[in-house]
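Listed below are the residues making up each chain.
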Amino acid sequence: MITPISRREGRPVISAVTGTNGKTTVATATWQLMTLIGWRAASYDSTGITDVNGEVREAKTRRSPDYLPEFIDSQAHAGADAVSLEAYVGILADGLFDRVEVDVAVSTGLERDHIDVHGSIDGYWKAKLRLFEEYLRPDGIAVLGTDSAQGDLVRAAVARRGAHLITVGGGGEVRMAGVQEVDGQLRGRLLIGGSSYPAVLPTVHAIAATNLILAATAVIGTGGDPAHVAEVLHDVTPPPGRLQVIAEHDGITAMVDTAHNPGALRAALQAVRSRTPGRVILVFGAGGERDRGKRRPMGEVADQLADLVILTNDNPRREPADRIRREVREGVPGCIEVPARRDAILAALEMARPGDTVLVAGKGDENYQLVGRERVPHDDREIIRVAMARP
């Protein structure tokens, strides 16, 4: 069994998640599980800020270091039992956690991203590890997947802090067993130490299942009843734009995902490949004015895991779009290059045959494209819906 943290008098329990990929999925699932078991919970993540009354407002990535403590205090006064936080790069860089004591900290794994902000991959990882070395209370709980990228770094940080580590996944303390796929869901038993609970996960993708179990472990670590948490897992809804099926027509499936770094793109393509009887057709690009070093590796991942690659523009910002594509293309020389993103999506759908999956990666649920200084209306999902609705 998991021994939950002891609650601090006068404030809600606080769960925070960091990592390179999957943070938003885990953070939103954590908040949903908290509310589903009957807690009054608030959240701060990249999809928005949700107070204990369920009111949502836009999340800003640049805030005063005073903001997060004040937000937690305001929710405590409003009767919050718990707060779920996403420790993404913006609020870490702004020092928003400097005066926040975290009860349970979750890592989804550390890969390459945001080198433009932190200067080096070591600087990026060091910033993420602060959650475990500085902000997690010394007698708190850290949650880590057994196959998590750079898991040894997290383990070492937790050990230095003196906190308790709980591992999730194969060989871990918390894992799923006896899993069967039924009607687009995974049914099995959630094993926690020596205890077992029936559980249904509303996904068929391994990475999504892992994220759900990470969130469940965080809630149990903050004091949630394991049986109740396992019971409500099937009611969790993923955030939009994450391995989201947008349309299916004539045997062709079209999906979007937010993957914008090599690790995320690899995970998305592997998930899609496992469910696709035909070809995997990938439409993707890379963002401008960001880490240029990840462009070729993203191309290499696409070259290895997709059957057909259409290279297009993502958010070029003020960087020449042709230079971005050229640097990505070094990793995937056999791709088809279609600069206009809408045209690239339509070309992929036109090329698709029954049994194929078209994955449009990079933007997910975004409804704009950053070109120069302009925010141009653009939604991958809407383009797919309109195109696939035609007879």
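For the structure, see preceding data.
Description of the structure in this document. Model, not experiment: these values are computed from the prediction. (Residues numbered from 1 in each chain as written. Predicted model: local features only at pLDDT ≥ 70, side-chain atom pairs only at ≥ 80, totals over all residues. Heavy atoms only, no water.)

1. Some words on the side chain of Thr 357
Relative to the helices and strands, Thr 357 is located in strand β17 (residues 357–361). Ignoring sequence-local partners within four residues, the contact set of Thr 357 consists of Thr 253, Met 255, Val 272, Thr 276, Arg 279, Val 280 and Ile 281. (Helix = DSSP H or I, 4+ residues; strand = E, 2+ residues; numbered from the N terminus. Contact = heavy atoms within 4.5 Å.)

2. A few points about the packing of aromatic side chains
All chains considered together, the criterion is met by five aromatic pairs. Ring centres of Tyr 44 and Tyr 88 lie 6.3 Å apart, and the angle between their planes is 20 degrees; on these two criteria the pair is classed as stacked. Of this pair, Tyr 44 sits in strand β2 (residues 41–45) while Tyr 88 is found in the loop between β5 (82–86) and α3 (89–93), placing the two residues 44 residues apart along the sequence. Grouped by ring-pair contacts, the aromatic residues Tyr 44, Tyr 67, Phe 71 and Tyr 88 constitute a single cluster. Note that Arg 7 overlies the ring of Trp 39, its terminal NZ or CZ placed 5.0 Å from the centroid. Taking NZ or CZ as reference, Arg 375 lies 4.0 Å from the ring centre of Tyr 368, over its face. (Phe/Tyr/Trp six-rings, centres within 6.5 Å; stacked < 30°, edge-to-face > 60°. Lys NZ or Arg CZ within 6 Å of the ring centre and 35° of its normal.)

3. Some details on the pairing of strand β12 (residues 244–249)
Summarising the sheet, β12 and strand β13 (residues 252–257) pair through five bridges and their orientation is antiparallel. Following the sheet pairing, His 249 is matched in β13 by Ile 252. Counted between consecutive antiparallel strands, the loop separating β12 from β13 contains two residues, among which Asp 250 sits at a positive phi close to 55 degrees. (Pairing = 2+ DSSP bridges.)

4. Observations concerning helix α9 (residues 262–274)
Here α9 contains 13 residues, and its C-alpha end-to-end distance of 18 Å stays within 8% of the 18 Å for a straight helix at 1.5 Å per residue. Along α9, the positions that sit buried rather than exposed are Pro 262, Gly 263, Ala 264, Leu 265, Ala 268, Leu 269, Ala 271 and Val 272. Looking at the packing, one finds that the buried side of α9 touches β13, β14 (280–284), α10 (295–305) and β17. The backbone nitrogen of Gly 263 lies 3.2 Å from a side-chain oxygen of the residue at the head of α9, namely Asn 261. (Expected span 1.5 Å × (residues − 1). Buried < 20%, exposed > 50% of the residue type's maximum accessible area, 1.4 Å probe, protein only. Polar contact = N/O pair within 3.5 Å; in protein donor to acceptor, adjacent residues only side chain to side chain.)

5. Some words on the pattern of salt bridges
Pairs can form between side chains of opposite charge once their charged atoms are near each other. Tallied over the full model, the rule gives 30 salt bridges. Arg 11 is the salt-bridge partner of Glu 101, the closest N and O atoms lying 3.0 Å from each other. Of this pair, Glu 101 sits in the loop between α3 and β6 (102–107) while Arg 11 sits in the segment before β1 (13–18), and the two are 90 residues apart along the sequence. A salt bridge links Glu 289 to Arg 318, with the shortest nitrogen-to-oxygen separation between them at 3.1 Å. Of the two residues, Glu 289 sits in the loop between β14 and α10 while Arg 318 sits in the loop between β15 (308–311) and α11 (321–329), which places them 29 residues apart along the sequence. (Salt bridge = Lys/Arg side-chain N within 4 Å of Asp/Glu carboxyl O.)

6. Looking at the nonpolar core
Of all hydrophobic cores here, the largest spans 40 residues; its most connected members are Leu 33, Val 106, Val 174, Leu 190 and Leu 233. In terms of residue count, the dominant contributor to this core is helix α7 (residues 206–221) (nine residues). In contact with Leu 233, not counting residues within four places along its chain, are Leu 33, Leu 190, Ala 199, Val 200, Leu 201, Pro 202, Leu 212, Ile 213 and Ala 216. In terms of nonpolar packing, the next biggest core, distinct from the first, is built from 39 residues, Tyr 44, Ile 49, Val 100 and Leu 136 among them. (Core = buried A, V, L, I, M, F, W, Y, C linked by side-chain atoms within 4.5 Å.)

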